[in-house]
Amino acid sequence: MGTTIDLNTDRLTVINHALVRHKLHLLRDKDTSIKLFRELVNELALLEAYEALRDLPLEEVEVETPLERTTCERLTGKKLVVIPILRAGLGMVDGVLELVPTARVGHLGMQRNPDTHEPEQYYCKLPNDIDKRVCLIVDPMLATGGSLIAAINFLREEGASDIRCLTLVSCPEGINNVLAADPDVQIFTCAVDRQLNERAYILPGLGDAGDRIYGTKG
């Protein structure tokens, strides 16, 4: 039996759109080609970002249409940064940038320490004004949540206040761990799967997202 989770929390959004569910079934299929897998990750990231950014602040602005002057709304200039957790998270970046082409991109590399078995940072490159930006952490899989929690903690130390995590497939264990570790973080995901297996792979899952994006073997 899998771990239970409160799906009613306002810090977890499961994207239950019909197109997302259709693309996700192709993503899970072990026979899906590398090319199609990459395209699906890109498309799902765009759809997730659309949902994750729906509450960005707006301001009124006067616009002259071909017929008359009218009042419209535009973004107030809230700055964004997309932060993939290397390496699989890179596959989601272009999808977000298709929706928000002016967003900055940071990079955060996390790996497991061979002695402590805890995640640690091995690479980081972020905009200098991270404290003034909405931070979208992107990583296809949320399994135990260890790497994501470490990334969130690091960004908090750098001054980030608005952190939103975009994953494609999550499991209850990881979601519970991340929400418990940070009282303000938001998670957006396309699916909440049953559980983790003994190797910390999500079931039913889709395998190793990084290997399937880049055509490598674990």
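Above this text is the structure in question.
Here the structure is a predicted model, which is why all the values come from computation and not from measurement.

When its secondary structure is counted, the protein shows six helices and 13 strands. Relative to the compact-globule value of 17 Å for 218 residues, the protein shows a C-alpha radius of gyration of 18 Å, a close match. Dimensions of the protein, computed from C-alpha atoms along their principal axes, come out at roughly 65 × 40 × 35 Å. Taken across its 218 residues, the protein has 45% of its residues classed as buried. Taking contacts inside the protein between residues at least 6 apart in sequence as the whole, the part at least 24 apart equals 63%. Approximately 11,800 Å² of the protein is accessible, and the part contributed by carbon and sulfur atoms is 49%. Averaged over its 24 positive side-chain charges, the protein has a centre that lies 4 Å from the centre of its 33 negative ones.

Here the focus is the state of the cysteines. In total, this model carries zero disulfides according to the counting rule given. Here Cys 124 is not cross-linked by a disulfide; its sulfur's nearest cysteine counterpart is in Cys 135, at 11 Å. Cys 165 provides the cysteine sulfur closest to Cys 190, a residue in no disulfide bond, and the two sulfurs are 14 Å apart.

Bringing the nonpolar core into the picture now. The biggest cluster of nonpolar side chains holds 38 residues, and the ones touching the most others in it are Leu 27, Leu 166 and Leu 168. If one sorts the elements of this core by residue count, helix α2 (residues 34-52) sits on top with seven residues. Beyond its immediate stretch of four places on either side in the chain, Leu 27 contacts Phe 37, Leu 40, Val 41, Leu 44, Leu 168, Leu 206 and Arg 212. Ranked by size, the runner-up nonpolar core spans 26 residues in total, among them Ile 83, Leu 108, Leu 142 and Leu 155.

Attention now goes to the environment of Tyr 122. Note that Tyr 122 resides in strand β7 (residues 119-125). The class for Tyr 122 is partly exposed, based on a relative accessible area of 43%. As a C-alpha pair, Tyr 122 and Pro 57 span 65 residues in sequence and 34 Å in three-dimensional space. When residues no more than four places from it in sequence are discounted, the contact partners of Tyr 122 are Leu 86, Gly 109, Met 110 and Gln 111.

Moving on, we get to the pattern of salt bridges. As a working rule, side chains carrying opposite charge can pair if their charged atoms are close by. According to the stated counting rule, one finds 15 salt bridges in the structure shown. Linking Arg 54 and Glu 51 is a salt bridge whose minimum nitrogen-to-oxygen distance equals 2.9 Å. Judged by its relative accessible area of 21%, Glu 51 falls in the partly exposed class. Linking Lys 79 and Asp 129 is a salt bridge whose minimum nitrogen-to-oxygen distance equals 3.4 Å. Of this pair, Lys 79 sits in strand β4 (residues 79-86) while Asp 129 sits in the loop between β7 and β8 (133-138), and the two are 50 residues apart along the sequence. The partly exposed category is assigned to Lys 79, whose relative accessible area is 38%.

With an omega dihedral of 5°, the bond running from Leu 86 to Arg 87 counts as a cis peptide bond. Structurally, Arg 87 can be placed in the loop between β4 and α3 (90-99). For Ala 200, which is not glycine, the phi dihedral falls at a positive 65°. Within the secondary structure, Ala 200 sits in the loop between β12 (195-196) and β13 (202-203).

Rules and cut-offs
Counting starts from 1 at the beginning of each chain's written sequence and moves along it residue by residue. Given that the model is predicted, a residue must reach a pLDDT of at least 70 before its local features are reported, and side-chain atom pairs must reach 80 or more before they are shown or counted; all residues, however, enter totals for whole chains, interfaces and linings. Based on all heavy atoms of the structure, the side-chain values leave hydrogens and waters out of the count. Counting from the N terminus, the helices are DSSP H or I runs at least four residues long and the strands are E runs at least two residues long. Only C-alpha atoms enter the radius of gyration, while the globule expectation follows 2.2 Å times N to the 0.38, with N the number of residues. Using a 1.4 Å probe on the protein chains alone, a residue whose accessible area is under 20% of its type maximum counts as buried, one over 50% counts as exposed, and one in between counts as partly exposed. For this analysis, residues touch if any pair of their heavy atoms sits within 4.5 Å. Surface accessibility follows the Shrake-Rupley procedure with a 1.4 Å probe radius. Residue values consider only the protein chains on display as shielding. Positive charges come from Lys and Arg, negative ones from Asp and Glu, while His and the chain ends are left out of the count. To locate a charge, take NZ of a lysine, CZ of an arginine, CG of an aspartate or CD of a glutamate. Cysteine sulfur atoms are paired as a disulfide whenever they fall within 2.5 Å. What is meant by a nonpolar core is a set of buried Ala, Val, Leu, Ile, Met, Phe, Trp, Tyr and Cys residues, joined one to another through side-chain atoms within 4.5 Å. We define a salt bridge as a contact between a side-chain nitrogen of Lys or Arg and a carboxyl oxygen of Asp or Glu at a distance within 4 Å.

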